[in-house]
Amino acid sequence: MEPMTPISCPTTPRWNQDRPFLTGRFHQETRASSRFDDSKRFTPDSSSNSGVDQAIGCYDTPVQELIVIDDLLSAMVGIEGRYISIKRFHGKEESIAFQVDPSMDLALQASNAEINIVKYIQILQELAKRIFPLCECFLLIDQFVESSSQFKNGLVNHAFAAALRALLLDYQAMVAQLEHQFRLGRLSLQGLWFYCQPMMGSMRALAAVIHQASAKNFVGSAVLNLLQSQAKAMAGDNSVRSLLEKMTECASNAYLSILERWVYEGIIDDPYGEFFIAENRSLKKESLSQDSTAKYWSQRYSLKETIPGFLANIAATILTTGKYLNVMRECGHNVQVPISERSKLTIFGSNHHYLECIKAAHEFASKELVSLIKDKYDLIGRLRSIKHYLLLDQGDFLVHFMDIARDELNKKVHEISVEKLQSLLDLALRTTAAAADPRHEDLTCCVDRASLLTTLGMHKDSDSNSMEDPVSITGLETFSLSYKVQWPLSIVISKKALSKYQLIFRFLFHCKHVERQLCGAWQIHQGIRSMNSNGTAIRRSSLLCRSMLKFISSLLHYLTFEASGELSFSCVLEPNWHVMHDRLQSTKSVDEVIQHHDFFLDKCLRGCLLLLPDVLKKMEKLKSVCLQYAAATQWLISSSIDINSQSHSQKTMIRDATVTESIFNFEREFNSELQSLGPVLSKGSQAEPYLTHLSQWILGVSKE
């Protein structure tokens with residue numbers, strides 16, 4: 001796949017770095033030196049120094065508790081206190097930890113005589129350390145809110161950060177209320193712990209999500225999937241699960257806005273490349289008429305690897321919905337899902353309303369596009385026109401063309417003038433029944449540089465039985481027709497599909513050429529019917545010509561015309577065409593149209609033996625023998641006539657033997673190839689049952 005266009009994001013304003021107190025980034029900055037550095041920590045001799053905080057143990061027990069509460073309230077909003085500091089650990093993953101100043105341990109030593117005071121201070125330390133995880137979670141969440149607000153992190157992270165910012169505002173309001181109670185003297189350390197416990201689980205769950213998202217640089221779908229998986233993991237804690245689901249809903253709103261424009265308008269409005277559908281702008285719709293792989297339809301828009309879990313089962317439907325709307329927009333039809341059928345997409349709710357909205361949009365887009373290409377652009381009429389010309393459904397123009405272009409087609413490939421062939425083709429089209437078809441002007445001619453077997457990859461240089469000699473290849477083996485197809489019909493009739501039509505045409509065209517040559521040979525034989533040819537080489541040649549003509553005519557009937565009368569076997573092109581035509585009448589989407597059309601072409605390729613190397617090589621060999629015989633017929637007949645009219649001299653007898661031997665050789669080679677074709681068809685009929693009918697007919701020809 002071609003590389004996607006890189007996403008460019010605006011730069012973050014300078015003030016985010018220059019004014020950390022404006023953005024709250026000061027919470028995450030490590031101070032160059034803490035007030036609790038070793039140089040400033042409490043020592044027994046430092047208590048007399050002025051301007052330096054005393055060890056907490058120097059205060060009375062009630063005062064110690066007040067100091068700890070005051071520091072904890074500051075720590076809960078990311079600010080260091082007098083005896084509680086923030087420490088950063090640098091390594092593979094940076095982490096933040098709060099710690100109590102060691103001077104608090106000195107209080108234990110200073111009060112070692114009083115057991116109750118020691119236990120009380122231990123309780124203070126333990127309660128303070130229990131609240132530290134909440135403080136650490138606040139810092140982590142606050143840091144994520146600040147960093148995720150940068151443009152490069154995408155709309156989902158922006159929305160997630162906005163929801164977290166609203167949550168932190170509520171959290172800070174709670175801390176302010178606790179501080180108010182503290183100023184009124186109504187808050188103890190046990191009370192502070194009591195009020196902190198309910199939010200501990202929620203903050204830890206959010207911190208876990210943020211830690212994983214930050215470590216792996218998640219954006220877009222990955223963030224939504226992470227939130228959803230964490231919400232499911234918290235199924236036993238209703239409050240935490242509800243909070244995570246609320247965060248998922250808030251984070252997904254921006255994502256669903258992108259989704260709405262895609263399924264309602266066929267437009268990808270994805271400034272940061274978060275949407276699970278990728279657009280390859282290097283592929284243009286014009287490539288459908290030039291690229292034999294038809295990558296545009298399958299790769300212009302494609303699914304990325306990361307898809308939100310709640311959209312995974314319907315991702316393919318979403319992809320095709322936007323593609324259909326996009327096609328109509330590029331056709332100049334500004335078709336959008338009607339306002340009455342639109343609905344704001346939300347992912348939560350027991351009725352899965354968003355799924356119903358997406359399915360409704362898909363049905364609308366499918367119906368509109370199918371109607372557009374069938375009615376306005378007349379897809380069926382265009383396919384029928386291609387069938388007339390490339391599948392030889394109407395062959396009168398081809399007969400005329402082969403007559404007037406015979407000399408040019410008999411030239412070597414490198415000597416042929418395509419421009420002259422095109423002018424002769426236009427003349428044939430204007431002077432036959434094809435002139436009534438307004439689409440005949442879309443027909444063009446082309447000349448390949450290789451034989452059919454080489455084009456199909458069936459010719460090998462080491463194959464001693466190969467009939468191909470690059471020097472001897474003429475336009476009769478390489479001539480083909482092409483057809484101009486405009487957007488949006490090129491979605492269905494792409495270059496890839498046309499190349500299949502051309503392979504079938506080349507095979508049928510060469511069969512027609514062989515039939516015409518044998519008809520010419522047969523006419524020569526008919527011209528001398530008045531002569532008594534019983535028992536002569538002429539009679540034997542006439543029978544051989546009849547067998548060859550019956551063989552090639554039966555093959556063409558098998559490939560092209562309806563089975564009727566004594567031709568009881570099924571033919572290829574016409575029945576398959578009717579099957580496709582009937583299926584196209586009831587299709588509901590363009591992808592179904594493409595599928596039915598490709599299935600028709602593949603069935604025709606296989607039915608025309610073009611995907612069966614062994615059978616096709618036998619057929620090509622038989623046609624080669626027929627052409628050699630047809631080319632030699634004029635000499636054989638004229639020689640036989642001269643022999644019959646001359647006296648039986650030794651020279652005449654030698655010439656008679658030569659003519660007879662030549663006819664015997666053609667007859668022997670033709671019958672041998674025809675008989676060897678029967679087992680090849682019988683063997684192939686195990687995988688391709690239709691070959692049984694062709695085998696029966698071929699064997700029937702050989703027995704006559």
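Note: the structure precedes this text.
Quick caveat, the model's predicted, so the values are computed rather than measured. (Residues numbered from 1 in each chain as written. Predicted model: local features only at pLDDT ≥ 70, side-chain atom pairs only at ≥ 80, totals over all residues. Heavy atoms only, no water.)

A.B. asks: Mind laying out the pattern of salt bridges, listing which residues take part and the relevant values?
C.D. replies: By the definition in use, this model includes 24 salt bridges. Between Arg540 and Glu667 there is a salt bridge, with its nearest N and O atoms 2.7 Å apart. One end of the pair, Arg540, is in helix H20 (residues 537-560); the other, Glu667, is in helix H24 (residues 650-684), and 127 residues separate them in sequence. Given the relative accessible area of 38%, Arg540 is considered partly exposed. With a closest N to O distance of 3.3 Å, Lys621 and Glu669 form a salt bridge. (Salt bridge = Lys/Arg side-chain N within 4 Å of Asp/Glu carboxyl O. Helix = DSSP H or I, 4+ residues; strand = E, 2+ residues; numbered from the N terminus. Buried < 20%, exposed > 50% of the residue type's maximum accessible area, 1.4 Å probe, protein only.)

A.B. asks: How would you sum up the side chain of Arg382? Please name residues and give values.
C.D. replies: Among the secondary structure elements, Arg382 is positioned in helix H13 (residues 379-390). For Arg382, a relative accessible area of 17% gives the class buried. For Arg382, the side chain forms a polar contact with the side chain of Tyr483, separated by 3.4 Å. (Polar contact = N/O pair within 3.5 Å; in protein donor to acceptor, adjacent residues only side chain to side chain.)

A.B. asks: Describe helix H21 (residues 573-585), with residues and values.
C.D. replies: Relative to the 18 Å expected for 13 residues at 1.5 Å per residue, H21 spans 19 Å between its end C-alpha atoms, a close match to the ideal helical length. Looking only at H21, the buried set comprises Leu573, Glu574, Asn576, Trp577, Met580 and Leu584. Angularly, the buried residues of H21 cover 160° about the axis, an arc narrow enough to put them on a single face. Those residues of H21 hidden inside the fold are in contact with helix H12 (353-376), H13, helix H19 (495-527), H20 and helix H22 (590-607). (Expected span 1.5 Å × (residues − 1). Arc of directions from axis to C-beta. Contact = heavy atoms within 4.5 Å.)

A.B. asks: Describe the packing of H19 against H22, with residues and values.
C.D. replies: Where H19 contacts H22, the axes come no closer than 10 Å and their chain directions differ by 25°. Taken together, H19 and H22 sit at an angle that is classed as roughly parallel. For the pair H19 and H22, the sense of crossing is left-handed. Contacts from Ala497, Lys500, Tyr501, Leu503 and Ile504 of H19 reach H22 at His597, Phe600, Leu601, Asp602, Cys604 and Leu605. (Axes fitted to C-alpha atoms, helices over the stretch in contact; angles between N-to-C directions. Parallel < 35°, antiparallel > 145°, perpendicular 65-115°, else oblique. Left-handed = near helix turned anticlockwise from the far one by under 90°.)

A.B. asks: Outline the nonpolar core, listing residues and values.
C.D. replies: In a soluble, globular protein the nonpolar side chains are often hidden away together inside. Counting 194 residues, the largest nonpolar core has Met76, Phe160, Leu192, Leu311, Ile318 and Phe401 as the members making the most contacts within it. Those residues in contact with Met76 that sit more than four places away from it in its chain are Ile131, Leu134, Cys135, Phe138, Tyr171, Met174, Val175, Leu178, Leu192 and Cys196. (Core = buried A, V, L, I, M, F, W, Y, C linked by side-chain atoms within 4.5 Å.)

A.B. asks: Explain helix H16 (residues 418-430) residue by residue, including any values.
C.D. replies: Note that an α-helix has 3.6 residues per turn; residues three or four places apart therefore point the same way. For H16, which comprises 13 residues, the first-to-last C-alpha distance of 18 Å matches the rise-based estimate of 18 Å (1.5 Å per residue) to within 8%. Within H16, burial applies to Leu421, Gln422, Leu424, Leu425, Ala428 and Leu429. Buried residues in H16, looked at end-on, bunch into an arc of 165°, giving them a common side. Away from the buried face of H16 by more than 90 degrees, exposed residues Glu419 and Arg430 are located. Buried-residue contacts for H16 involve H13, helix H14 (396-404), helix H15 (406-409), strand S5 (443-447) and strand S6 (479-483).

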